[in-house]
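# Structure at a glance
These are the residues of each chain, in order.
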Amino acid sequence: MLINLTELFTRDGKEKDYTCEIDMDGLETRNGVYPIVSKEPVSLHIRNLGDRKLLLEGQAKVTLQIPCDRCLEPVNCPFDLTLEDELDMSKTEEERAEDLNEQPYVSGYNLDVNRLLSNELLLNLPMKVLCREDCKGICNRCGANRNHTACSCDQSSPDPRMSVIQDLFQKFKEV
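Scope of this entry: the structure provided in the associated data block. (Residues numbered from 1 in each chain as written. Predicted model: local features only at pLDDT ≥ 70, side-chain atom pairs only at ≥ 80, totals over all residues. Heavy atoms only, no water.)

## Side note on the sheet that holds strand S1 (residues 2-4)
Backbone-to-backbone hydrogen bonds pair the strands of a sheet. The strands run either parallel or antiparallel. Applicable threshold: Only strands that DSSP links by at least two bridges are regarded as paired with each other. Under the DSSP-based scheme used, a helix requires at least four consecutive residues in state H or I and a strand at least two consecutive residues in state E, with every element numbered from the N terminus.
Read from one edge of the open sheet, three strands run S1-S9-S8, paired in antiparallel fashion. The sheet is open, and its two borders are formed by S1 and strand S8 (106-107), each paired with just one other strand. The pairing of S8 with strand S9 (residues 110-112) spans two bridges and is antiparallel. Within S9, the position partnered with Val106 by the bridge is Leu111.

In structure tokens, the structure reads:
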């Protein structure tokens, strides 16, 4: 959803509240697309600070389905986001890039709520997602989920640097 911000520039101190439905069905990351399983409308409060600066404050609640890092089972990850940013509308997009204050969700005088939410979600993604703390993961030989079944695969992984010594032990066993 796009919000036209020009109506806030009529006078300093003007404020407006917005309630925006989330149009996206998933969050696109470099690891794939994480589906959104539940979402509430984004509530935004935007205030004109003067000198073509706006203060954006808001709340968003979204639940993403992210695969477990060990067993790849889907995990529902809730996000309760607090949005806060100061938008300087007097700067061009090139000037924002030079100041390292890029705001890809602002284009001209339009605020793209979906892009704002995507940025916040990307910044708040957890480093590691587990279905449970004691997740056993998947077998690296047969691919079985070790949380559900026990496989009979050999789990020992010999050090390849010791292969010569392993061969010598095998020869002694044969004798």
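Read on, since the account is not over.
## Considerations on the pairing of strand S7 (residues 74-88)
Two elements, strand S6 (residues 53-67) and S7, share 15 bridges in a ladder whose sense is antiparallel. Residue pairing across strands places Ile66 opposite Val75, the latter belonging to S7. Hairpin connection of S6 to S7: six residues between the antiparallel strands, including Leu72 at a positive phi of 70 degrees.

## What to know about the packing of aromatic side chains
Applicable threshold: Pairing of aromatic rings covers Phe, Tyr and Trp, the last counted by its six-membered ring, and requires centre-to-centre distances within 6.5 Å; plane angles under 30 degrees mean stacked, over 60 mean edge-to-face, and any other angle means tilted. Charge-over-ring placement is defined geometrically: NZ (Lys) or CZ (Arg) within 6 Å of the ring centre, and within 35 degrees of the ring normal.
Scanning all chains against the criterion turns up one aromatic pair. When the centroid spacing of 5.7 Å and the interplanar angle of 75 degrees are considered together, the rings of Phe9 and Tyr109 count as edge-to-face. Residue Phe9 is located in the loop between S1 and strand S2 (15-20), and its partner Tyr109 is located in the loop between S8 and S9; the two are separated by 100 residues in the primary sequence. The aromatic ring of Phe9 is capped on one face by Arg52, whose charged end is 5.0 Å from the ring centroid.

## Overview of the pairing of strand S3 (residues 26-29)
Definition in use: Only protein chains enter the accessibility calculation, which uses a 1.4 Å probe; a residue whose area is less than 20% of its type maximum is buried, one above 50% is exposed, and one in between is partly exposed.
Of the two faces of S3, the one lined by Leu27 and Thr29 is fully buried and the one lined by Gly26 and Glu28 carries no buried residue. Between the end of S3 and the start of strand S4 (residues 32-39), which pair antiparallel, lie two residues.

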